[in-house]
Amino acid sequence: MTRSLNILPIFLSHFVNETHLRSIYNTLLKGYNEDVEKYADTLSQTHIIRHILNTGWAKAGQTITLTNFGGSNYRSKDIREAFTIMERAFLLELIYPVTNAQIPVEVSYRRAPKLCWVDTGLVNFSANFQVELLETKDILDSWKGAIAEQIVAQELRVVCNNAHIDHLNFWVRNKNGSNAEVDFIWQQDNQIIPIEVKSGANAHLRSIQSFMDLSSGNIAVRVWNGKYSVDTIRTPKGKQFKLLNIPFYYVGILPMLLAREM
């Protein structure tokens, strides 16, 4: 049932009358806007939340800057408070990075978070991108890969809930001038496991290789449109590890797959 909630909004656009579906999504978005006063403590918060509802969908799966979010003049503190209210209403999640590759995970709340909404169907509707997504040959080509990260984040959020994990995180290298970033991380037993959402050759997985050089673990994950497979990779520094390649529809059973390969 969990998987149907994640995938259903995308595939309904193919099987249900498009006008009818657009009406449903439009009613949902209108309802969110009309209910803002129920959650906001001040008039200013009401305006900020409505601003996020109007501009934030296009930022799905992307790292965001809180200050002046969506081209506004709102302060970082005010935007953060509005996002917190929306998280409590289960509309979205701000995913914060960690900078360490060992347990325990230390979250860096001062760094820029990644914005993920709880419903990919609404994200696509707001961008008028439903039919185009169904027709694309590679979902990683859509939205410059951001919508793929949004989908994986939604799946991982369900996995986190089942494992009683409060927060989803990603990884950035704690080094000035470095742009190494891993899309998500997952803790399994005593390992922090990097997860990249990307296709292409193994040689292009530089961020995962950077992470593995700092980690004591021996396994990493790539989510892609290819088949399930396991590769043996060696980093430029000589660290050898397993790369678990899984299709998008396997993300929901990630803990089981990792347990089998670790």
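This text follows the structure it describes.
As the structure is a computational prediction, the values presented were derived from the model and not from experiment. (Residues numbered from 1 in each chain as written. Predicted model: local features only at pLDDT ≥ 70, side-chain atom pairs only at ≥ 80, totals over all residues. Heavy atoms only, no water.)

Draft legend 1. The arrangement of the overall build of the protein chain in detail. When helices and strands are counted, the protein chain shows 10 helices and 9 strands. When each of the 262 residues of the protein chain is scored for burial, the buried share is 48%. The contacts in the protein chain between residues at least 6 apart in sequence include a share of 57% that link residues at least 24 apart. As presented, the protein chain carries roughly 13,600 Å² of accessible surface, and 51% of it is formed by carbon and sulfur atoms. (Helix = DSSP H or I, 4+ residues; strand = E, 2+ residues; numbered from the N terminus. Buried < 20%, exposed > 50% of the residue type's maximum accessible area, 1.4 Å probe, protein only. Contact = heavy atoms within 4.5 Å. Areas by Shrake-Rupley, 256 points an atom, 1.4 Å probe, with all protein chains shown as cover.)

Draft legend 2. Highlighting the sheet that holds strand β9 (residues 240–247). Pairing in this open sheet of 9 strands is mixed, and the strands run β1-β3-β2-β4-β5-β6-β7-β9-β8 from one edge to the other. Looking at strand neighbours, the two that pair on one side only are β1 (62–63) and β8 (229–234), the edges of this open sheet. Its contacts with the sheet place helix α8 (residues 146–162) against β1, β2 (92–98), β3 (114–117), β5 (181–188), β6 (191–197) and β7 (219–224), and it is angled at close to 15° to β5. (Pairing = 2+ DSSP bridges. Axes fitted to C-alpha atoms, helices over the stretch in contact; angles between N-to-C directions.)

Draft legend 3. Molecular detail of the environment of Glu106. Considering the arrangement of structural elements, one finds Glu106 in the loop between β2 and β3. Taking relative accessible area as the criterion, Glu106 reaches 52% and is therefore assigned exposed. Spatially, the C-alpha atoms of Glu106 and Asn169 are 9.9 Å apart, while their sequence positions differ by 63 residues. Residues within four places of Glu106 in sequence aside, it is in contact with Pro97, Val98, Thr99 and Asn100.

Draft legend 4. Structural detail: the pattern of salt bridges. Going through the model one piece at a time under the given rule, you end up with 8 salt bridges. Notably, a salt bridge pairs Arg75 with Asp78, separated by 3.0 Å at the nearest N-O pair. Residue Asp78 is classed as buried on the basis of its relative accessible area, which comes to 17%. Among the salt bridges present, the one from Lys242 reaches Glu261, with a minimum N-O distance of 3.5 Å. Taken together, the positions of Lys242 in strand β9 and Glu261 in helix α10 (residues 254–261) put the pair 19 residues apart, joining distant regions of the chain. The partly exposed category is assigned to Lys242, whose relative accessible area is 32%. Owing to a relative accessible area of 18%, Glu261 belongs among the buried residues under this scheme. (Salt bridge = Lys/Arg side-chain N within 4 Å of Asp/Glu carboxyl O.)

Draft legend 5. Structural detail: the pairing of β2. Among the 7 residues in β2, 7 count as buried, and that is most of the element. Burial of the side chains of β2 extends over both faces: Leu92, Leu94, Tyr96 and Val98 are buried on one face and Glu93, Ile95 and Pro97 on the other. Taken together, the 4 bridges between β2 and β3 define a ladder with antiparallel strand orientation. Across the sheet, Leu94 pairs through a bridge with Leu115, a residue of β3. Bridge count for β2 against strand β4 (residues 169–172) is 3 bridges, and the pairing is parallel. When the sheet's bridge partners are listed, Tyr96 is paired in β4 with Asn169.

Draft legend 6. Representation of the packing of helix α4 (residues 43–55) against helix α5 (residues 76–88). Direction vectors running N to C along α4 and α5 enclose 75°, while the axes themselves pass 9 Å from each other. By the angle between their directions, the pair α4 and α5 is classed as roughly perpendicular. Facing α4, whose interface residues are Gln45, Ile48, Ile49, Ile52 and Leu53, α5 presents Asp78, Ile79, Glu81, Ala82, Phe83, Ile85 and Met86. Of the residues assigned to the contact of α4 with α5, the class counts are 9 nonpolar, 1 polar and 2 charged. (Parallel < 35°, antiparallel > 145°, perpendicular 65-115°, else oblique. Nonpolar A, V, L, I, M, F, W, Y, C, P; charged D, E, K, R; others polar.)

Draft legend 7. Representation of the nonpolar core. Within the largest apolar cluster, 29 residues are counted, with the highest numbers of intra-cluster contacts made by Ile49, Ile52, Leu53, Phe83, Met86, Leu115 and Trp117. Secondary structure elements with two or more residues in this core: α2 (18–34), α4, α5, β2, β3 and α6 (120–126). The contact partners of Phe83, leaving out residues within four places of it in the chain, are Ile52, Ile64, Leu66, Phe69, Leu92, Leu94 and Leu115. (Core = buried A, V, L, I, M, F, W, Y, C linked by side-chain atoms within 4.5 Å.)

Draft legend 8. Representation of helix α9 (residues 206–214). For α9, the set of buried residues is Ser207, Ile208, Gln209, Ser210, Phe211 and Met212. Taken together, the buried residues of α9 touch β4, β5, β6, β7, β8 and β9.

Draft legend 9. A look at the packing of aromatic side chains. The full count for this structure, using the stated rule, is 7 aromatic pairs. Centroid distance Tyr249 to Tyr250: 5.1 Å. Interplanar angle 85°. Geometry classified as edge-to-face. Given the relative accessible area of 54%, Tyr249 is considered exposed. If you follow Lys114 out to its NZ or CZ, it ends over the ring of Phe170, 4.6 Å from the centre. Lying across the ring of Phe184, Lys114 places its NZ or CZ 4.8 Å from the centre. (Phe/Tyr/Trp six-rings, centres within 6.5 Å; stacked < 30°, edge-to-face > 60°. Lys NZ or Arg CZ within 6 Å of the ring centre and 35° of its normal.)

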